[in-house]
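Take a look at the letters that make up each chain.
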Amino acid sequence: MRRVQRCWMRAGRVLGVWALMLGPALAQSPAPADAEPSPEAPRLAVHTGLAEGALQRRFPDRVRWLEPEGGGQTLALWFPEGRPDARGALVLMANEGESAGTDLVLAVAEALADAGWAVLTLGLEPPTESVRARLERAPTVPGQTPPPAPGVMIDVLATPASEGAEADYRARVQGQLQAAVAWLAGQGYGPLGAVGIGRAAFYVVAPDLGQASVPFRVWVAPAFYPGRESELAQRLAAPQGLALLELYPVVEARSGRERWVTARRAGFSDYQRQPVAMAVPPGPAAAQALANRILAWLGRRSGS
């Protein structure tokens, strides 16, 4: 009889331990699918990883929230012109993976604004690993690849999944640039221009930005994925009134020269390249030199 009681006591203790262990988990189990959501539940925010929260705290007066056509919101930083006679306005997009408030972006924007050009800065979210892997691959076709015909998009690496993911990423970035241009135009600025640092250079020469409304484009230490070289050549072959300034590091004097020669032969006469003493990638130490080159070039074309 005593042996039976001891067995029951041991079983009771085991059940008690399991109850203590399972109690918190059961208490946190999700509610049924048809349960009413709590009216006080916080909304989820989508972040791009470009330090939006830190920028809001650091620059509360500069933050502007743009609303691209594709949905969502994009954080931009606003630098109004520092002179009564505004010369125009520029969208300045940071390098891939960098925010709208990096040291280089801030320094260049402030120098341009001090000289009379209003500036709206944007970050550039990085692509996913799958999209980046696709972009890193150069097109491989037998023999020499013929130049793409005007108005035709060629992608010899397209697969349904990777092509869709890249298209979504591209549309998101271009939508942000278009929203920035629309915001500046809505403020009454003109003429307008777009400046792209590093991998942002590809996006600032997109035709859908509008050559007539945004005639000035600037590349700062441009970098392009191999998978986009053919499309880039197509864009440079049909500038339609576009003016492009490429500022490249002195140590990379030969890089991009073939691209420039090909574009000039195709009739892109207002495509200029200028060397600048800067690191690779460029840092804030080169900001004033970059701003001076941009201002001089803009001044000759805008008459300011």
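Rules and cut-offs
Residues numbered from 1 in each chain as written. Predicted model: local features only at pLDDT ≥ 70, side-chain atom pairs only at ≥ 80, totals over all residues. Heavy atoms only, no water. Helix = DSSP H or I, 4+ residues; strand = E, 2+ residues; numbered from the N terminus. Buried < 20%, exposed > 50% of the residue type's maximum accessible area, 1.4 Å probe, protein only. Contact = heavy atoms within 4.5 Å. Salt bridge = Lys/Arg side-chain N within 4 Å of Asp/Glu carboxyl O. Pairing = 2+ DSSP bridges. Right-handed = clockwise from strand over helix to strand, strands pointing away. Arc of directions from axis to C-beta. Expected span 1.5 Å × (residues − 1). Core = buried A, V, L, I, M, F, W, Y, C linked by side-chain atoms within 4.5 Å. Axes fitted to C-alpha atoms, helices over the stretch in contact; angles between N-to-C directions.

S.K.: For this particular structure, what's the right way to read the overall build of the protein?
M.R.: A tally of regular secondary structure across the protein gives nine helices and eight strands. In the protein, which comprises 304 residues, the share counted as buried stands at 42%. Across the protein, every contact between residues at least 6 apart in sequence was considered, and the portion connecting residues at least 24 apart equals 74%.

S.K.: What should I look at first to understand the environment of Asp114 in this one?
M.R.: The topology assignment puts Asp114 in helix α3 (residues 103–114). Overall, Asp114 belongs to the exposed group, its relative accessible area being 58%. C-alpha separation for the pair Asp114 and Glu81, spaced 33 residues apart in sequence, amounts to 6.2 Å.

S.K.: Explanation requested: the pattern of salt bridges in the structure shown.
M.R.: A side chain of one charge can pair with a side chain of the opposite charge when the charged atoms of the two come close. By the definition in use, this model includes twelve salt bridges. Residues Arg134 and Glu166 are paired through a salt bridge, measuring 1.9 Å at the closest nitrogen-oxygen approach. Here Arg134 is found in helix α4 (residues 129–136), whereas its partner Glu166 is found in helix α5 (residues 160–186), with 32 residues between them in sequence. The class of Arg134 is buried, set by a relative accessible area of 6%. The exposure class assigned to Glu166 is buried, which follows from its relative accessible area of 6%. A salt bridge links Glu166 to Arg228, with the nearest nitrogen and oxygen atoms 3.4 Å apart. Note that Glu166 is positioned in helix α5 and Arg228 in the loop between β6 (216–220) and α7 (229–237), a separation of 62 residues in sequence. When sorted by exposure, Glu166 lands in the same class as Arg228, which is buried. Counted as one network, the salt bridges with shared partners bring together Arg134, Glu166, Arg170, Arg228, Glu231 and Arg235.

S.K.: I keep staring at the pairing of strand β3 (residues 88–96) and nothing clicks. Help me out?
M.R.: Along any regular strand the residues' side chains alternate between the sheet's two faces. Most of β3 is tucked away: nine of the nine residues are buried. Two elements, β3 and strand β4 (residues 117–124), share seven bridges in a ladder whose sense is parallel. Considered in β4, the bridge of Gly88 is made with Trp117. Since β3 and β4 lie parallel, the crossover through α3 that links them has a hand, and here it is right-handed. Here β3 runs beside strand β5 (residues 192–197); their pairing, made up of five bridges, is parallel. Paired with Val91 across the bridge in β5 is Ala194.

S.K.: Would you take a moment to explain α4 for this structure?
M.R.: Working note: α-helix, 3.6 residues per turn, so residues spaced by three or four point in the same direction. All of the buried residues in α4 are Val131, Arg132, Arg134 and Leu135. In an axial view of α4, the angular spread of the buried residues amounts to 160°, which keeps them on one side of the axis.

S.K.: When you look at helix α9 (residues 287–302) in this model, what are you seeing that I'm missing?
M.R.: The end-to-end C-alpha distance of α9, which contains 16 residues, comes to 22 Å, matching closely the 22 Å that a straight helix rising 1.5 Å per residue would cover. For α9, the complete set of buried residues consists of Ala287, Leu290, Ala291, Ile294, Leu295, Trp297, Leu298 and Gly299. Backbone geometry just downstream of α9 places Gly303 in the positive-phi region, at approximately 75°.

S.K.: Would you mind going over the nonpolar core with me for this structure?
M.R.: Across soluble globular proteins, nonpolar side chains show a tendency to be buried alongside one another. Counting residues in hydrophobic clusters, the biggest one holds 40 residues, and the most contacted among them are Leu77, Leu92, Leu112, Val218 and Leu290. The dominant element in this core, judged by the number of residues it contributes, is α3, at eight residues. Ignoring anything within four residues of it in the chain, the contact list for Leu290 reads Leu104, Val220, Leu247, Val276 and Met278. With 37 residues, the next largest nonpolar core counts Val91, Met93, Leu236 and Leu242 among its residues.

S.K.: Would you take a moment to explain the sheet that holds β6 for this structure?
M.R.: The pairing of strands in a sheet happens through backbone hydrogen bonds and is either parallel or antiparallel. Across the sheet, which stays open at both edges, the eight strands sit in the order β1-β2-β4-β3-β5-β6-β7-β8 with mixed pairing between neighbours. Each edge of the open sheet carries a strand with a single partner, namely β1 (63–66) and β8 (271–276). Across this sheet, the average inter-strand angle for adjacent strands is 20°, counted without regard to direction. On top of the sheet, helix α8 (residues 257–265) reaches β6, β7 (243–249) and β8; it is set at about 160° to β8, its chief contact.

No statement about biological role is implied by the geometric values presented.
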